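These are the residues of each chain, in order.
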Amino acid sequence: MGDAEDKQRTKPGRPTSRDVARLAGVSHTAVSFVFNGRAEGNLSPATQERIRQAAARLGYRPDPVARGLRRSRTAVIGLVTDEIASTPFAGRLLRGAMDTAWDSEHLVLTVDSGGDPAKEDAAVAELLDRRVDGIIYAAMSLRRVRVPEGLHRTHSVLANCLPEDDSLPSVIPAERAGGRTAARLLLDQGHRRIALVGGQDDIASVERLRGFRDALRAEGITLPREWVVRTGGEISGGYEGATRILDGIPADRRPTGIFCYNDRVAAGALHASTRLGITAPDELSVVGYDDQEHMAAFLTPPLTTVGLPHRAMGEAATRLLLDAIATGRTPPATVRRLACPVISRSSVGPAPIP
């Protein structure tokens, strides 16, 4: 506040701290104390209130650029991501990051790289040139990522991804625990013949299957190899996989529950069961994963699913980054795993009586 602020008016007539001082009948230093958090012990409560009333009357706000120059901070953090425009979950992660930053008087400057490594490097360089206080790098699907150049030159945190070189802290979903949760949704309803449909060899698929097997093994249940059908992550894969394990199989030998890699796969599995005349959830219970907006709640029946904590990841990554900025200490390169919540709807019911 002061000369730097007075010289950086954004438009003619913008009130300055000197205007506030004149209206309140105090020194310019007194105004600086109030808006820099140094008033206690230096100014009486009555004087502080008079200054705040004068500022409100003038519509005065401290200049963030000038304040940032004094504190060597800009109160802006960068968020670089690979696929913001093309995923249904991006808004949740972004909203979590932006709301958390706003609560701490920070703004978020977002750049979508489209997954282009050169563009990611350029984006990080541009953010550093603009003196952001730190950077979050977020991926829209859980995977190991090449750390863009420049992230090690500032406080940085990864969200929904892991660094290839294990050099930065990251916040990701607890996928293995999520797989256990999905299995328990079926086991707790008495299902013992349970299949898994969809997915491939990515981190999320592998971890969900591990958790799924953990839960079944704890109940003494062995999962037949032919009931793990890896058919990708689309509706067509769910339809193909469910058809393979249900079509032509007697009711007493086919699965009574299916855990699907994601909600799109679950939609395909429900479509296959309908075509085969197998009613859900009376004869077949289906659990999805992701809680995909505009889909999961509108399937027939509405889909019980395990949600991905996208908003929570945005919040947690931002808090971790803001703590590092405030303390000036680089957080350890640890992995924080966030719980995946259950969203109960109507696609899971009691196991049918043999």
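Placed above this text is the structure.
Residues numbered from 1 in each chain as written. Predicted model: local features only at pLDDT ≥ 70, side-chain atom pairs only at ≥ 80, totals over all residues. Heavy atoms only, no water.

**Overview of the pairing of strand β1 (residues 76-81)**
- Burial analysis of β1 places five of its six residues in the buried class, the great majority of the element.
- Where β1 meets strand β3 (residues 134-138), five bridges bridge the pair, whose relative direction is parallel. The residue of β3 that forms the bridge with G78 is I135. (Buried < 20%, exposed > 50% of the residue type's maximum accessible area, 1.4 Å probe, protein only. Helix = DSSP H or I, 4+ residues; strand = E, 2+ residues; numbered from the N terminus. Pairing = 2+ DSSP bridges.)

**Side note on the sheet that holds strand β13 (residues 335-338)**
- The strand order β2-β1-β3-β5-β7-β13 describes an open sheet built from six strands, whose pairing is parallel. For this open sheet the edge positions go to β2 (107-112) and β13, each flanked by a neighbour on one side alone. Strand after strand, the sheet turns through a mean of 20° between neighbouring axes, direction not considered.
- Along the sheet, helix α7 (residues 117-129) makes contact with β1, β2 and β3, crossing β1 at roughly 175°. (Axes fitted to C-alpha atoms, helices over the stretch in contact; angles between N-to-C directions. Contact = heavy atoms within 4.5 Å.)

**Observations regarding the environment of A159**
- The residue A159 is located in strand β5 (residues 155-159) in this model.
- Separated by 133 residues in sequence, A159 and Q292 place their C-alpha atoms 19 Å apart.
- Those residues in contact with A159 that sit more than four places away from it in its chain are L93, I136, Y137, A138, A139, V171 and A317.

**A few points about the sheet that holds strand β9 (residues 228-229)**
- The strand order across the open sheet formed by six strands is β9-β8-β10-β11-β12-β14, and the pairing between neighbours is mixed. The open sheet has two edge strands, β9 and β14 (342-343), and neither has a second partner.
- Pairing of strand β8 (residues 194-197) with β9, which is carried by two bridges, proceeds in the parallel orientation. When the sheet's bridge partners are listed, V197 is paired in β9 with V229.

**Quick look at the packing of aromatic side chains**
- Under the counting rule described, the total for this entry stands at two aromatic pairs.
- With a centroid separation of 5.4 Å and an interplanar angle of 40°, the aromatic rings of F212 and F259 are classed as tilted. In this pair, F212 sits in helix α9 (residues 203-218) while F259 sits in strand β10 (residues 257-260), placing the two residues 47 residues apart along the sequence.
- Assessed through its relative accessible area of 0%, F212 is described here as buried. (Phe/Tyr/Trp six-rings, centres within 6.5 Å; stacked < 30°, edge-to-face > 60°.)

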